[in-house]
Amino acid sequence: MTIELTRPAKQVLTVDIPVMAASGILGFGDHYRDLIDFKKLGAFVTNAVTYEPRRPANGRRVQPIPTGTLIHTGLPNPGISKIMAKYRQLWETLPLPVILHIAVTSLEHARKCASRAEAESAIDAIELGFDDEQPWQETEEVVAAVVKNTEKPVLVRVPFIDPLNHARAAADAGAGGVVVCAPPRGTVMPILEVDPTGMSIYDRPISGRIYGPLTKPIVLRFVEQVVQQVKIPVIACGGIHREQDARDFLQAGARAVQVDSVVWVKPTVLELIARDLGGLVLTRPMGALADEWHRGYGQTEQIAREESQRRRHAQNKS
Amino acid sequence: MRETQAIIDRVSLLNEHFQRLHLSVENLAGEIKPGHSLLARRDTREWEPYLRPRWWPSSINPATNSFSVDLPTSTTYQQGEIIGLLGLVGEPFRHRRTLRHVLLLAVDTPPLPLLLSIPFLLSNSINVTLVISGSGLDYPTKLLPPEVEVIQADDQLNWSNQVMTVGLADQVFVTVNPDRELERMETVWKVFHERRAEVPKLYLFGVMQSPIPCGVGACQACLLALKEGLTTLCIEGPAVDLTMMGWG
């Protein structure tokens, strides 16, 4: 099954499996090689790359929130030249298309990054990531400049704010497809300590991107709107935590999905979703032990729990 | 890095603040070294807590494939419960070859990341002093081996015979409250800088325990800027030579 993730052009991004991890999740390299079988995924999206090096953000960068987390990394990277020098060889050997995520810091830098990527055979497509505060008119300008500088398929990850207008602007400017959307940004006041009277003393506020299952219903609505009004392929991204979440997005008209933070929490979920949407769900062979097949599908844990409860119950009785 | 499961064999209450979980795990206990941590997740479909909390083993027994971990009593665990583990996270502590005395410091935090190094050091006939302050005093230090000298520090990081303990130590491992971790580490650095004419390399290590989302170096949330370049705490940490921080 071949799925076209960008509109017809000289070069089209195609995948066999409509599942990949979002930018910022799997890193630049094969950090997850021991935990995730990359062959089961549709594509590899790199962490954000900029034209010039960027340092990590200062201060607290991870703040747990109810059923989610807020993260502010500052998109650290050594710049596109050093990234290519370090990872080119690895990306060439990966058994799946590589999508370079370019964080748009300025039109000129985005254009230069695209020109640099154009010369790299290890890169199959470009994904542009925009700042939340960027007006959609500027998105159109940047996408047009990037598309002019590369023949590689260009995806645009639209911001959480006003995704529909950004998606329209991207389509008008010649983007091959859109990713709906970047994680929302939020601000948290972390509790530093609780004084003896029970009063909470708060730390400096921390702002960053919010990850967790809570974003899925919002993004699902965005995807429905964009699919109806923008006539280029849509990749859904936001809050996917199980197979059904991914199916919901495909049902809403997305061609593929990008899975985000659940990969950090339960890495095998990415592969489970990929197997599910890739038509790889097979019946467990007769007689196989649950864990021989896959932990997620097994009942070993449940049996162990029941057994332990039974033992405790018996001990209490005696 | 690998994903595995452990089963809780026993839960023992250490005091009103801390409990000890005794866990069995296949083929992992023998690989755990001082400095390593594990990202733990209960076997549940719930998403709270979302990120995996970091567990620091307090003792290991490779012969029985078991280890124990000390945790706050704020979360209740049951015997027989299955815990999903991602690990091992980080690199072992870089102890010097010729060590006679190691100083462990837990500043306003329980000494959980330092606990596993205590049996390792004692078994190698190395003296251990643990200085503890603030909220770290909730940890039941009475349960530590009697060979460990435990000293209480005040909130300004003063303790009795400070000059002597700092002077005697061949290496120091410090952990601080993860809130404003770097600021607190810098304060510790200043204290040592004042107490010693020179803080040599591989002498004073900060053991970082901020939350880490992925544990494999992919998310880059734990990148730390050093004097020269960057370090990924979940790969090259948790111990950072504080002379590399460029604090002067």
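Look a little higher up for the structure.
Residues numbered from 1 in each chain as written. Chains lettered and ligands numbered in written order. Predicted model: local features only at pLDDT ≥ 70, side-chain atom pairs only at ≥ 80, totals over all residues. Heavy atoms only, no water.

## Brief notes about the nonpolar core
Inference 1: By size, the foremost hydrophobic cluster in this structure holds 134 residues, and its most contacted members are A:Leu26, A:Tyr32 and A:Trp91.
Inference 2: With sequence-adjacent residues up to four places away left out, A:Leu26 is seen in contact with A:Ala21, A:His31, A:Tyr32, A:Ile36, A:Phe38, A:Leu41, A:Phe44, A:Asn47, A:Val263, A:Leu270 and B:Ala218.
Inference 3: Judged by nonpolar contacts, the second largest core, of 22 residues, contains B:Trp56, B:Leu112, B:Tyr139 and B:Ala239. (Core = buried A, V, L, I, M, F, W, Y, C linked by side-chain atoms within 4.5 Å. Buried < 20%, exposed > 50% of the residue type's maximum accessible area, 1.4 Å probe, protein only. Contact = heavy atoms within 4.5 Å.)

## Focus on unusual backbone geometry
Inference 1: The omega torsion across B:Gly87 and B:Leu88 is 0 degrees, close enough to zero to call that bond cis.
Inference 2: In this chain, B:Gly237 is followed by B:Pro238 through a cis amide linkage whose omega measures 5 degrees.
Inference 3: For B:Pro238, the position within the fold is in the loop between α4 (233-236) and β15 (239-241).
Inference 4: Positive phi outside glycine occurs at A:Leu75, with the angle close to 50 degrees.
Inference 5: Note that A:Leu75 resides in the loop between β6 (68-71) and α1 (80-93).
Inference 6: Its relative accessible area of 35% is what places A:Leu75 among the partly exposed residues.
Inference 7: Phi is positive for B:Gln220, which is not a glycine, with a value near 65 degrees.
Inference 8: Within the element layout of this structure, B:Gln220 appears in the loop between β12 (204-207) and β13 (223-225).
Inference 9: We classify B:Gln220 as buried; its relative accessible area is 14%. (Helix = DSSP H or I, 4+ residues; strand = E, 2+ residues; numbered from the N terminus.)

## Regarding the pairing of β12(B)
All names here are of chain B.
Inference 1: Side-chain alternation along β12 places Leu204 and Gly206 on one buried face and Phe205 and Val207 on a second face that is also buried.
Inference 2: Running through helix α3 (residues 181-195), the crossover from strand β11 (residues 171-176) to the neighbouring parallel element β12 is right-handed.
Inference 3: Of the pairings in the sheet, the one linking β12 to β15 comprises three bridges and is antiparallel in character. Paired with Val207 across the bridge in β15 is Ala239. (Right-handed = clockwise from strand over helix to strand, strands pointing away. Pairing = 2+ DSSP bridges.)

## Digging into the packing of aromatic side chains
Inference 1: Scanning all chains against the criterion turns up eleven aromatic pairs over all chains.
Inference 2: A centroid spacing of 5.6 Å and a plane angle of 25 degrees characterise the contact between A:Phe28 and A:Tyr87, whose relative ring orientation is stacked. Taken as a pair, A:Phe28 in the loop between β3 (19-21) and β4 (44-49) and A:Tyr87 in helix α1 lie far apart in primary sequence, 59 residues in all. Here A:Phe28 matches A:Tyr87 in class, with each residue buried.
Inference 3: With a relative accessible area of 13%, A:Tyr87 lands in the buried category.
Inference 4: Through successive ring pairs, a cluster of aromatic residues spans A:Phe28, A:Tyr87 and A:Trp91.
Inference 5: Against the face of B:Tyr203 rests B:Arg196, its NZ or CZ located 4.1 Å from the ring centre. (Phe/Tyr/Trp six-rings, centres within 6.5 Å; stacked < 30°, edge-to-face > 60°. Lys NZ or Arg CZ within 6 Å of the ring centre and 35° of its normal.)

## Points about the environment of B:His22
Residues and elements named next belong to chain B.
Inference 1: Among the secondary structure elements, His22 is positioned in strand β2 (residues 18-25).
Inference 2: Spatially, the C-alpha atoms of His22 and Val69 are 6.8 Å apart, while their sequence positions differ by 47 residues.
Inference 3: Among residues more than four places away in sequence, those in contact with His22 are Ile7, Ile8, Asp9, Arg10, Ser12, Phe67 and Ser68.

## Some details on the sheet that holds strand β16 (residues 256-259) of chain A
All names here are of chain A.
Inference 1: Pairing within the open sheet is parallel, and its eight strands lie in the order β3-β16-β15-β10-β9-β8-β7-β4. At either margin of the open sheet sits one strand with a lone partner, and together these are β3 and β4. Each adjacent strand pair in this sheet contributes to an overall mean axis angle of 25 degrees, direction not counted.
Inference 2: Sheet topology places strand β15 (residues 234-237) next to β16; three bridges connect them, and they run parallel. Its bridge partner lying in β16, Cys237 is registered against Gln258. (Axes fitted to C-alpha atoms, helices over the stretch in contact; angles between N-to-C directions.)

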